[in-house]
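# Coordinate analysis (summary)
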Amino acid sequence: MIKSLNMPENDREKFAMYVRNFVFGVEDSLVSTVGLLSGIASAGVERGTILLTGVILIFVEALSMAVGSYLSEFSAEEYMKHKEASFQRSFIGGVIMFFSYFLAGFIPLFPYVLAPRSIAFILSIIASLLALFALGVVSAKTVKRPFLRSAFRMLLLGGVAIAVGVIVGGFMQAAGLAG
């Protein structure tokens, strides 16, 4: 746990916030981006539309998540300290959220740049699942916890969300509402 790290309490709080924003940003980006891309790909949408949708999602959501992180961290700090919060600390959390979401979003999108839709669909899911597993390892190692359980938990929960995107996209295609 974070408390086991040898640093002053205030530094542990900052570190915990930064880790939280990083893990949340990467996980949410991987899952929501691959879920959306897989869903619309399984609905039979053209590759160009998949790329356009993915790029727009990554840009809009990265900014939205960063703003949400800043506002929520700022509000939580004000609540906990009963005084004006630190702009810099909350801002750094938002920046971490932005870049972690933004960069991770290209992992599931990149296969659609390189490969035809049917192959990219599989590669995107595999790359995202591997990245989720790696995120679980990095997260656990960062806070000095056993990594295997964390990695499989991240993989399983992210995999469920990906499956939902594929199922909904397939349902929409079968119902004649897409493609």
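Throughout, a residue's number is its position along its own chain's written sequence, starting from 1. For a predicted model such as this one, the threshold for reporting local features is a pLDDT of at least 70, and the threshold for listing and counting side-chain atom pairs is 80 or more; totals across whole chains, interfaces and linings nevertheless cover every residue. Only hydrogens and water are set aside; all other atoms, that is, all heavy atoms of the structure, feed into the side-chain values.

Let us now look at the nonpolar core. Put simply, a nonpolar core is a bunch of buried Ala, Val, Leu, Ile, Met, Phe, Trp, Tyr and Cys residues held in one set by side-chain atoms that sit within 4.5 Å of each other. The buried label goes to any residue with under 20% of its type's maximum accessible area, the exposed label to any with over 50%, and the partly exposed label to all in between, with areas taken from a 1.4 Å probe on protein chains only. Leu 30, Ile 50, Tyr 112 and Leu 132 are the most contacted members of the largest nonpolar core, which totals 31 residues. Looking at this core, the elements that each hand over two or more residues are α1 (9–42), α2 (47–81), α3 (87–114), α4 (117–142) and α5 (147–174). Note on definitions: a residue-residue contact is assigned when non-hydrogen atoms from the two residues lie within 4.5 Å. Residue contacts for Tyr 112: discarding those within four places in its chain leaves Leu 37, Ser 38, Ala 41, Arg 47, Ile 50, Leu 51, Arg 117, Ala 120, Phe 121 and Ser 124. Think of it this way: any DSSP run of H or I at least four residues long counts as a helix, any run of E at least two long counts as a strand, and we number them from the N terminus.

Before going further, it helps to examine the environment of Phe 99. Position of Phe 99 relative to the elements: it lies in helix α3. Overall, Phe 99 belongs to the partly exposed group, its relative accessible area being 46%. Separated by 74 residues in the primary sequence, Phe 99 and Gln 173 place their C-alpha atoms 34 Å from one another.

Backbone geometry at His 82 places phi at a positive 55 degrees, although glycine is not the residue there. Here His 82 lies in the loop between α2 and α3. In this model, Lys 144 sits at a positive phi of 60 degrees, which is unusual for a non-glycine residue. Considering the arrangement of structural elements, one finds Lys 144 in the loop between α4 and α5.

The next thing to look at is the packing of α1 against α5. The relative placement of two packed helices is expressed as an angle between their axes plus a distance between the axes. Interaxial distance between α1 and α5 falls to 7 Å at its minimum, and their mutual angle equals 25 degrees. It follows from the interaxial angle that α1 and α5 lie roughly parallel. Of the two elements, α1 crosses α5, and the hand of that crossing is right-handed. Across the interface between the two elements, Val 23, Glu 27, Val 31, Val 34, Gly 35, Ser 38, Gly 39 and Ser 42 from α1 touch Met 154, Gly 158, Ala 161, Ile 162, Gly 165, Val 166, Gly 169, Gly 170 and Gln 173 from α5. Considering only residue class, the contact of α1 with α5 consists of 7 nonpolar, 9 polar and 1 charged. For helices, the fitted line uses only the C-alpha atoms of the stretch in contact; every axis is such a line through C-alpha atoms, and the angle between N-to-C directions lies from 0 to 180 degrees. Note on angle classes: values under 35 degrees are labelled roughly parallel, values over 145 roughly antiparallel, values of 65 to 115 roughly perpendicular, and the remainder oblique. The hand of a helix crossing depends on one turn: near helix anticlockwise from the far one by less than a right angle means left-handed, and clockwise means right-handed. Note on residue classes: Ala, Val, Leu, Ile, Met, Phe, Trp, Tyr, Cys and Pro are nonpolar, Asp, Glu, Lys and Arg are charged, and everything else, Gly too, is polar.

At a minimum axis separation of 8 Å, α2 and α3 run at an interaxial angle of 160 degrees. Relative to α3, the element α2 lies roughly antiparallel. Judged by the sense of rotation from one axis to the other, the crossing of α2 with α3 is right-handed. Of the residues belonging to the contact of α2 with α3, the class tally is 23 nonpolar, 6 polar and 6 charged.

With that out of the way, let us pick up a nonpolar patch on the surface. On the surface, a nonpolar cluster with roughly 500 Å² of combined accessible area is contributed by Phe 87, Phe 91, Val 95, Phe 99 and Leu 103. The topology assignment puts Phe 91 in helix α3. Within this analysis, patches are made of residues with over 30% relative accessible area and no salt bridge. Like charges are joined at 9 Å or less; nonpolar side chains (Val, Leu, Ile, Met, Phe, Trp, Tyr) at 5 Å or less. Residue burial considers only the protein chains on display, and all accessible areas are found by Shrake-Rupley using a 1.4 Å probe. The rule for a salt bridge is simple: a side-chain nitrogen of Lys or Arg has to be within 4 Å of a carboxyl oxygen of Asp or Glu.

Turning next to α5. Here the expected length of a helix is defined as 1.5 Å per residue gap, with one fewer gap than residues. Counted at 1.5 Å a residue, the expected span for α5 with its 28 residues is 40 Å, and the 40 Å between its end C-alpha atoms agrees. Every buried residue belonging to α5 is among Ser 150, Ala 151, Met 154, Gly 158, Ile 162, Gly 165 and Gly 169, and all of these are buried. Those residues of α5 that are buried are in contact with α1 and α4.

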